[in-house]
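Chain residues, written in single-letter form:
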Amino acid sequence: MGFTADIIVWDFFERKMIHRLSLHKVKVQALSFSCDEKYLASLGGADDNSLVIWDVEAGEPICGSPTHSDHTLTVKFFNTTPFKLITGGKNNLNVWDFDLRNLKIRESGVQLGQYQRIIQCIAVDDFDE
């Protein structure tokens, strides 16, 4: 199973394709736009398990990183900054800092203790509190 899974960005009003984004293997698990809609975070499926940040206007990847060793299922940008996002999945929850200047994303793991959780969706408060 080595085929790529595409993300297609559409102009809704003109009903035309703007970009076809291809980096993930087999499946795109989740997507999230930043609060200013300049960036798109994509999360690959189990065969890929990587997080990629895209420049929506240019249609190009900015940076990426493997996620947790267990399967990651969901991604969500914060609501007040385009430079923070959160991922979650099988026994993992991570906050990521998107460093545009250095073209990197850095994770900070959230300690879940002994709790065994499968995080399938994430909702972020309007003020990121």
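Remember, it's a predicted structure, so these values are computed and weren't measured experimentally.

Brief notes about the overall build of the protein chain
On a plain count of helices and strands, the protein chain comes out with zero helices and ten strands. In terms of C-alpha radius of gyration, the protein chain reaches 15 Å, essentially the compact-globule figure of 14 Å for 129 residues. Relative to its full complement of 129 residues, the protein chain shows a buried share of 42%. Counting only carbon and sulfur atoms, one obtains 51% of the accessible surface of the protein chain, whose full area is about 8,000 Å². Measuring between centres, the 13 positive side-chain charges of the protein chain sit 4 Å from its 18 negative side-chain charges.

Side note on the pairing of strand β5 (residues 50-55)
Two faces belong to every sheet, and in a regular strand the side chains alternate between them. Judged by how many residues are buried, β5 sits mostly within the fold: five of six residues are covered. As paired strands, strand β4 (residues 39-44) and β5 are joined by five bridges and run antiparallel to one another. Paired with S42 across the bridge in β5 is V52. Joining the antiparallel neighbours β4 and β5 is a turn of five residues, in which N49 adopts a positive phi near 50°. Strand direction decides the pairing type here: β5 and strand β6 (residues 60-66), joined by six bridges, are antiparallel. Paired with I53 across the bridge in β6 is C63. Connecting β5 to the antiparallel partner β6 that follows it, the hairpin turn spans four residues, and G59 within it adopts a positive phi of roughly 70°.

Considering the side chain of H19
Examined against the element boundaries, H19 turns out to sit in strand β2 (residues 16-25). Among the polar contacts made by the side chain of H19, one reaches the main-chain carbonyl oxygen of V56 at a distance of 3.2 Å. At a separation of 3.0 Å, a polar atom in the side chain of H19 contacts the main-chain carbonyl oxygen of E57. In this view, H19 contacts I7, I8, V9, V56, E57, A58 and G59; residues no more than four positions away in its chain are not counted.

Things to note about the state of the cysteines
Working definition: the covalent bond between the sulfur atoms of two cysteines is a disulfide. For the structure on display, the rule yields zero disulfides. Counting only cysteine sulfurs, C63 is the nearest neighbor of C35, a cysteine outside any disulfide, at a range of 16 Å. By relative accessible area, which is 38% here, C35 ends up partly exposed.

Re the sheet that holds strand β9 (residues 92-99)
Taken together, the four strands give an open sheet; going across it, the order is β7-β8-β9-β10, and neighbouring strands pair in antiparallel fashion. Where the open sheet ends on each side, the last strands, each with one partner, are β7 (72-77) and β10 (104-109). Along the sheet, successive strands turn relative to each other by an average axial angle of 25°, direction set aside. Taken together, the five bridges between β7 and strand β8 (residues 84-89) define a ladder with antiparallel strand orientation. Within β8, the residue paired with K76 across the bridge is I86.

Cut-offs used in this document
- Throughout this description, residue numbers start from 1 for each chain and increase along the sequence as written.
- Confidence filtering applies because this is a predicted model: local features only for residues at pLDDT of at least 70, side-chain atom pairs given and counted only at 80 or more, and all residues used for totals across whole chains, interfaces and linings.
- No hydrogens and no water enter the side-chain calculation; it runs on all heavy atoms of the structure.
- Strands are runs of DSSP state E lasting at least 2 residues, helices are runs of H or I lasting at least 4, and numbering of each runs from the N terminus.
- Based on C-alpha atoms, the radius of gyration is set beside the globule rule, defined as 2.2 Å times the residue count to the power 0.38.
- Here's how the labels work: a residue is buried when its accessible area is under 20% of the maximum for its type, exposed when over 50%, partly exposed in between, all with a 1.4 Å probe on protein chains only.
- Each accessible area is a Shrake-Rupley estimate made with a 1.4 Å probe; only the visible protein chains count as cover when residues are assessed.
- By the counting rule applied here, Lys and Arg register as positive and Asp and Glu as negative, while His and the ends of each chain are not counted.
- A charge is said to be at NZ when it belongs to Lys, at CZ for Arg, at CG for Asp and at CD for Glu.
- One requirement defines pairing of two strands: DSSP has to find at least two bridges between them.
- What qualifies as a polar contact is a pair of N or O atoms within 3.5 Å, subject to a donor-acceptor requirement within protein and to the restriction that residues adjacent in sequence count only when both atoms come from side chains.
- Any two residues having at least one pair of non-hydrogen atoms within 4.5 Å are treated as being in contact.
- When two cysteine sulfur atoms are found within 2.5 Å, that pair is recorded as a disulfide.
- For helices, the axis comes from a line fit to the C-alpha atoms of the stretch in contact; other axes are also lines fit to C-alpha atoms, and the angle between any two N-to-C directions lies between 0 and 180 degrees.

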